[in-house]
Amino acid sequence: MKLQRKNRVRALAVGALAVTGALTLAACGSDDAGSTGGGKAASAPSDVKCDGKGKLLASGSTAQANAMALWTQAYSGACKDTRINYSGTGSGAGVTTFLQGTTAFAGSDSALKPEEIAKSKTVCKGGQGIDLPMVGGPIAVGYNVPGVDDLVLDGPTLAKIFDSKITKWNDRAIAKLNPKAKLPDLKIQPFHRSDDSGTTDNFTKYLKATAPSDWKYEGGKKWEATGGQAANGSANLAQQVKQTAGAISYYELSYATTDKTDTVAIDTGAGTPVKATSENASKMIADAKVAGKGDDLALELNYTTKAAGAYPITLVTYEIACDKGNKAETLAATKSFLTYIAGEEGQAVLAKNGYAPLPDEIAKKVRTTIGSLS
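All figures in this text were calculated on a predicted structure; none of them were measured in a lab.

Engineer: I'd love a proper account of the pairing of strand 13 (residues 314-322), names of residues and values included.
Structural biologist: For strand 13, the tally of buried residues reaches nine of nine residues, placing the bulk of the element in the interior. Burial along strand 13 is two-sided: the face carrying Thr314, Val316, Tyr318, Ile320 and Cys322 and the face carrying Leu315, Thr317, Glu319 and Ala321 are both buried. Here strand 4 (residues 129-143) pairs with strand 13 via nine bridges, running antiparallel. Paired with Leu132 across the strands is Glu319, a residue of strand 13.

Engineer: Just give me the short version of the nonpolar core, but keep the residues and values in it.
Structural biologist: In a soluble, globular protein the nonpolar side chains are often hidden away together inside. Trp71, Leu158, Ile248 and Phe337 are the most contacted members of the largest nonpolar core, which totals 101 residues. Ignoring sequence-local partners within four residues, the contact set of Leu158 consists of Val141, Leu153, Tyr206, Leu207, Ile248, Ile266 and Ile313.

Engineer: So, the pairing of strand 6 (residues 189-193): which residues are in play, and what are the values?
Structural biologist: The buried count for strand 6 comes to four of five residues, which makes it a mostly enclosed element. Looking at chain direction, strand 6 and strand 8 (residues 247-252) are connected through two bridges and run parallel. Bridge pairing links Pro190 to Ile248 in strand 8. Bridge count for strand 6 against strand 7 (residues 229-231) is three bridges, and the pairing is parallel. Note on strand 7: the bridge partner recorded for Arg193 is Ala231.

Engineer: Give a detailed account of the state of the cysteines, specifying residues and quantitative values.
Structural biologist: Taken as a whole and judged by the stated rule, the model has two disulfides. Shown here is the disulfide that connects Cys50 with Cys79, its sulfur atoms set 2.0 Å apart. In this structure, the disulfide formed by Cys50 and Cys79 twists by about -70° around the S-S bond and is classed as left-handed. Separated by 29 residues along the polypeptide, Cys50 in the loop between helix 1 (2-26) and strand 1 (54-60) and Cys79 in the loop between helix 2 (65-78) and strand 2 (82-87) bring together distant segments of the chain. According to the relative accessible area criterion, Cys50 is partly exposed, its value standing at 27%. The buried category is assigned to Cys79, whose relative accessible area is 3%. The disulfide that involves Cys124 links it to Cys322, with 2.0 Å between the sulfurs. Disulfide Cys124-Cys322: the torsion about the S-S bond is -70°, which places it as left-handed. Within this pair, whereas Cys124 is found in the loop between helix 4 (114-120) and strand 4, its partner Cys322 is found in strand 13, the two being separated by 198 residues in sequence. Along the protein, the cysteines that take part in disulfide bonds pair up as 1-2, 3-4, counted in sequence order.

Engineer: So, the packing of helix 2 against helix 12 (residues 344-351): which residues are in play, and what are the values?
Structural biologist: Each pair of packed helices can be described by the angle between their axes along with the distance between the axes. Relative orientation of the contacting elements helix 2 and helix 12 amounts to 140°, with a least axis distance of 10 Å. Classified by the interaxial angle, the pair formed by helix 2 and helix 12 is oblique. Judged by the twist between their axes, the crossing of helix 2 over helix 12 is right-handed. For the pair formed by helix 2 and helix 12, the contact residues are Ala67, Leu70 and Trp71 on the first element and Gly346, Gln347, Val349 and Leu350 on the second. Taken together, the residues that form the contact of helix 2 with helix 12 break down as five nonpolar, two polar and no charged.

Engineer: Which residues make up the packing of aromatic side chains, and what values go with them?
Structural biologist: Here the structure, examined in full by the defined rule, presents 10 aromatic pairs. The interplanar angle of 80° and the centroid separation of 5.4 Å between the aromatic rings of Tyr75 and Phe337 together place this pair among those described as edge-to-face. Remark: Phe337 occurs in helix 11 (residues 328-342) and Tyr75 occurs in helix 2; sequence separation between them is 262 residues. Measuring from ring centre to ring centre gives 6.1 Å for Phe162 and Tyr250, while their planes differ by 65°; the resulting arrangement is edge-to-face. With a gap of 88 residues between them, Phe162 in helix 5 (residues 155-162) and Tyr250 in strand 8 connect regions that are remote in the sequence. Taken individually, Phe162 and Tyr250 each receive the classification buried, so the pair is uniform in this respect. The rings of Phe162, Phe203, Trp215, Tyr217, Trp223 and Tyr250 are connected pair by pair, giving a single aromatic cluster.

Each value, and the rule that gives it
Residues numbered from 1 in each chain as written. Predicted model: local features only at pLDDT ≥ 70, side-chain atom pairs only at ≥ 80, totals over all residues. Heavy atoms only, no water. Buried < 20%, exposed > 50% of the residue type's maximum accessible area, 1.4 Å probe, protein only. Helix = DSSP H or I, 4+ residues; strand = E, 2+ residues; numbered from the N terminus. Pairing = 2+ DSSP bridges. Core = buried A, V, L, I, M, F, W, Y, C linked by side-chain atoms within 4.5 Å. Contact = heavy atoms within 4.5 Å. Disulfide = S-S within 2.5 Å. Axes fitted to C-alpha atoms, helices over the stretch in contact; angles between N-to-C directions. Parallel < 35°, antiparallel > 145°, perpendicular 65-115°, else oblique. Left-handed = near helix turned anticlockwise from the far one by under 90°. Nonpolar A, V, L, I, M, F, W, Y, C, P; charged D, E, K, R; others polar. Phe/Tyr/Trp six-rings, centres within 6.5 Å; stacked < 30°, edge-to-face > 60°.

Dropping the structure here:
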């Protein structure tokens, strides 16, 4: 048994080291400490229970793509009989695929809607889809304004920018928040997601909560405001900001650090503007409440938080799975893999790669729920 465990850990380490090259090719993010190559390799867990075998299909959120690449490579390196294939198609597409019964679980930056839960009952025989919070992280507001390295914005100003009500970088509202900045007479080029996106959902929830008189759209995964330009996926948004003078957009912090784009500090009204960091996102998540019922652990985030150092534009990505009625051929592997990523060592990977680990209390609930999946 000891020899088997040593071999398993050794294999896991090899798999983790392979991740750096894979992430470089995918151009998927890095940690906010300035690493390159898309993230720091996952440390080998002291143990991992390799239950199940075969191929485990999952898809969804691009926000967690960096972390999922690290996790899947490390896990598959240890558990040779299991191959995990996660495709970062976006939250909307991931949920759709799960509800069609073609994936074992989905990644989504938004909790299931009531109508989606109802539909999941046809896939989850005798049960339903539930939300398992797994990955936290700040949604950075990246910008490209020549000569401006530090920029502060607030909810109302961001709402007007993304609704094409503020169109120049030297607008009085921006100048008031940045009295020392030399703002150019440059056209603002706002970019938003073209695909259904949980990142869009969380970003617009922030705008709606902090600027209700300026952002009057209903919100959701689909972008509703007129004007601006669209691109598919967070990586493409970050690239557009990098190459377009006057651009501004929203995407996960890891994409901002990879492409070396400047990010906005948010004036929350708490005093000092708050920067997008993993630590500041964790402070935001710690202020969340569990809003789901039963085994559903959907969180209610406080986008208007004024807690010191809490970055308000933060998302939580959920792994969506059936509480009951999971397919027999994938159940064991699903539980094994989700248990690993929700564990202490799996969550430790997040802090090293620009994400925010779950608070201990929430992580424990997630592990307990995973253990009860059937």
